[in-house]
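# Structural features, examined
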Amino acid sequence: MDEQLRRARRAGLGSFIGTTIEWYDFYIYSTASALVFGSLFFAESSPAAGVLASFATLWVGFLARPLGGVIFGHLGDRIGRKQTLVVTLVLMGVATAGIGVLPTYATAGVLAPILLVLLRCVQGIAVGGEWGGAVLIGAEHAPKGRSILFGAYAQQGSPAGSILATLAFVSVTQLPDEVFRSWGWRVPFLISAVLVVVGLVIRLRVAESPEFERLRQQRQIVRAPLGEVVRTHPGMLVLGVLASSIGIAATYFITTFILSWSTSEVGMDRSVMLNALLVYSIAQFVTQPFGALAAQRFGLARTVGTLLTINLLTVPVMYALVGTGNAVAAAVGITAVGITGAMNYAVLAGLLAQAFPANVRYTGISLSYQLCSALIGGTAPMVGQGLYTSTHSIVPVAAYHVLLVAVSLVCSLLVIARSRSRAAEPQRLPQRC
């Protein structure tokens with residue numbers, strides 16, 4: 001094995017481990033917001049209002065993600081990918097462990113939800129800076145022609161983190177309900193402290209991105225990456241946001257809205273639905289890499305077009321199957337949607353990385369992904385719950401889900417076409433500093 005491939009695989013592993021921990025931390029909050037936060041931190045509200053308030057705190061993390069993208073995108077494009085990723089990992093671990101020791105409303109009154117929101121903001125800032133750097137540390141180490149495949153290492157962290165988060169809550173929900181509500185829900189958050197130490201040991205061994213080193217040697221570092229992206233790539237930024245729609249929103253439709261809807265309205269048992277979501281997460285983890293392999297074999301546009309078309313057709317089926325209240329039917333429906341969505345998610349990182357030049361790439365892909373998270377992904381459970389509460393029908397929720405798939409399909413193909421046009425043009429990167 002040559003040295004470049006060895007370093008690329010080490011970078012891919014570091015990217016995967018780091019994002020697994022970051023997404024584990026982010027997803028355990030989503031699960032807790034659906035199962036327990038409403039009653040513990042918003043005890044004065046009605047059950048339905050408590051769930052909405054809990055989902056609103058979930059959204060706070062998404063609102064903070066663009067800020068994290070701006071802050072750490074700037075640092076990643078200025079001082080390097082590796083150092084930035086060490087900071088984001090530590091920040092996330094501290095915030096998540098902090099949530100695990102928070103007092104509830106019964107103990108601290110209104111201070112409890114305020115602290116919950118503040119720590120959720122820190123989580124959002126951390127993951128907002130993590131994703132773009134993790135994608136680039138893998139993709140920019142990749143051998144020529146394999147950036148989509150190595151960028152997908154970071155994407156594997158999402159289903160892996162989801163599996164760990166679901167397993168953690170499956171374990172603690174076996175406790176008596178009183179124990180679970182008292183301290184059991186805290187355990188998944190406290191585990192994060194141990195995972196962060198493991199992640200740091202691995203991540204510190206990864207070398208800096210070769211493309212960033214080249215930019216630094218050639219004095220092509222941009223002084224103000226955010227301004228450069230907004231000034232010279234506004235159209236690509238908008239398309240990147242919209243292309244990411246279903247890649248981000250799908251997870252929160254399934255792991256948050258559907259978990260809440262199925263257990264509170266359809267009448268399914270909490271542990272049964274968590275097991276169904278575990279099947280979904282495992283299927284996502286196993287099948288997701290095949291999306292990157294398909295893109296490398298058949299081309300990015302053909303792969304994205306096929307996967308999202310199938311996904312669009314299976315979304316209504318999923319809601320119908322979950323609505324039956326049958327655990328097997330629910331698992332089949334969720335997994336059917338999850339497989340094509342996961343395979344498309346695998347190529348999303350490489351798709352966005354190709355859209356921006358290297359000197360503003362961290363900022364460009366972070367803003368695209370994190371603005372989508374705040375505006376579309378993070379609002380998915382709230383919009384879904386609002387549509388269901390106002391209509392008492394799951395049809396509008398399914399229709400909104402389908403709409404986001406269609407938007408992602410069209411905008412992803414436009415990003416691919418414009419990326420090809422930019423790549424065909426002569427590269428003229430003036431010296432900046």
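Here the structure is shown first, and the text comes after it.
Throughout what follows, the structure given in this document is the object of discussion. Predicted model, so just to flag it, every value in this text is computed and none were measured.

## Description of the nonpolar core
Formed by 118 residues in total, the largest nonpolar core has its most connected members in F37, F169, W185 and Y319. In terms of nonpolar packing, the next biggest core, distinct from the first, is built from six residues, I17, I21, V196 and L200 among them.

## Considering the environment of L300
Along the chain, L300 falls in helix α15 (residues 300-322). Given a relative accessible area of 11%, L300 falls into the buried group. Between the C-alpha atoms of L300 and L413, which are 113 residues apart in sequence, the distance is 8.8 Å.

## Regarding empty space enclosed by the protein
Here the structure, examined in full by the defined rule, presents four cavities of 30 Å³ or more. In this model, the largest cavity occupies a volume close to 140 Å³. Contributing to the lining of the largest cavity are 15 residues, with I246, A250, Y280, G341 and A342 lying nearest its centre. When residues of the lining of the largest cavity are traced back to their parent elements, those giving at least two are α13 (245-266), α14 (270-298) and α16 (327-353).

## Considering the layout of surface pockets
Gaps left between atoms are located by rolling a probe of water-molecule size over the structure's atoms. Quantified by volume, the largest pocket comes out at close to 720 Å³. Around the largest pocket, the lining comprises 30 residues; the ones closest to its centre are S147, E211, Q354, R361 and R422. At the level of elements, α6 (111-139), α10 (210-217), α16 and α19 (395-424) are the ones that each hand at least two residues to the lining of the largest pocket. Element by element, the count of residues in the lining of the largest pocket is highest for α19, at five residues. The residue inventory of the lining of the largest pocket, partitioned by class, reads 13 nonpolar, nine polar and eight charged.

## A few points about unusual backbone geometry
If you check the backbone angles, R219 has positive phi at about 55° while not being a glycine. As for its placement among the helices and strands, R219 is situated in the loop between α10 and α11 (225-232). Given the relative accessible area of 47%, R219 is considered partly exposed. One non-glycine residue, H392, lies in positive phi territory at about 55°. Summarising the element assignment, H392 is placed in the loop between α18 (380-391) and α19.

## So, the packing of aromatic side chains
Two aromatic rings are characterised by how far apart their centres lie and by the angle between their planes. Across all of its chains, the model carries 17 aromatic pairs by this definition. Ring centres 5.9 Å apart and planes at 80° place the aromatic pair W185 and F189 in the edge-to-face group. The positively charged end of R120 is found above the aromatic ring belonging to F26, 4.0 Å away from the centroid. The ring centre of Y29 lies 4.2 Å from the NZ or CZ of R120, which sits over that ring.

## Concerning the state of the cysteines
Each disulfide consists of one covalent bond between the sulfur atoms belonging to two cysteines. Applying the stated criterion across every chain, the model contains zero disulfides. With no disulfide partner, C121 has as its closest neighbouring cysteine sulfur the one in C372, 19 Å distant. Residue C121 is classed as partly exposed on the basis of its relative accessible area of 25%. Free cysteine: C411, not disulfide-bonded; nearest cysteine sulfur from C372 at 10 Å. Note on C411: relative accessible area 8%, which makes it buried.

## Details of the environment of S260
The topology assignment puts S260 in helix α13. Relative accessible area serves as the criterion here: at 5%, S260 is assigned to the buried category.

## Quick word on the pattern of salt bridges
Taken as a whole and assessed by the stated rule, the structure comprises nine salt bridges. A salt bridge links R270 to D177; the nearest nitrogen and oxygen atoms lie 3.4 Å apart. Of the two residues, R270 is situated in helix α14 and D177 in helix α8 (residues 177-182); the sequence distance between them amounts to 93 residues. By relative accessible area, which is 24% here, R270 ends up partly exposed. E211 is the partner of R361 in a salt bridge, and the nearest nitrogen-oxygen pair spans 3.2 Å. Taken together, the residues R361 in helix α17 (residues 361-377) and E211 in helix α10 connect sequence positions 150 residues apart. Judged by its relative accessible area of 12%, R361 falls in the buried class. Given a relative accessible area of 24%, E211 falls into the partly exposed group.

Rules of the game
Residues numbered from 1 in each chain as written. Predicted model: local features only at pLDDT ≥ 70, side-chain atom pairs only at ≥ 80, totals over all residues. Heavy atoms only, no water. Core = buried A, V, L, I, M, F, W, Y, C linked by side-chain atoms within 4.5 Å. Buried < 20%, exposed > 50% of the residue type's maximum accessible area, 1.4 Å probe, protein only. Helix = DSSP H or I, 4+ residues; strand = E, 2+ residues; numbered from the N terminus. 1 Å grid on protein atoms, 1.4 Å probe; cavity = no way out; pocket = protein on both sides within 12 Å on 5 of 7 lines; lining within 4 Å. Points joined across faces, edges and corners; volume = space filled by probe spheres on them. Nonpolar A, V, L, I, M, F, W, Y, C, P; charged D, E, K, R; others polar. Phe/Tyr/Trp six-rings, centres within 6.5 Å; stacked < 30°, edge-to-face > 60°. Lys NZ or Arg CZ within 6 Å of the ring centre and 35° of its normal. Disulfide = S-S within 2.5 Å. Salt bridge = Lys/Arg side-chain N within 4 Å of Asp/Glu carboxyl O.

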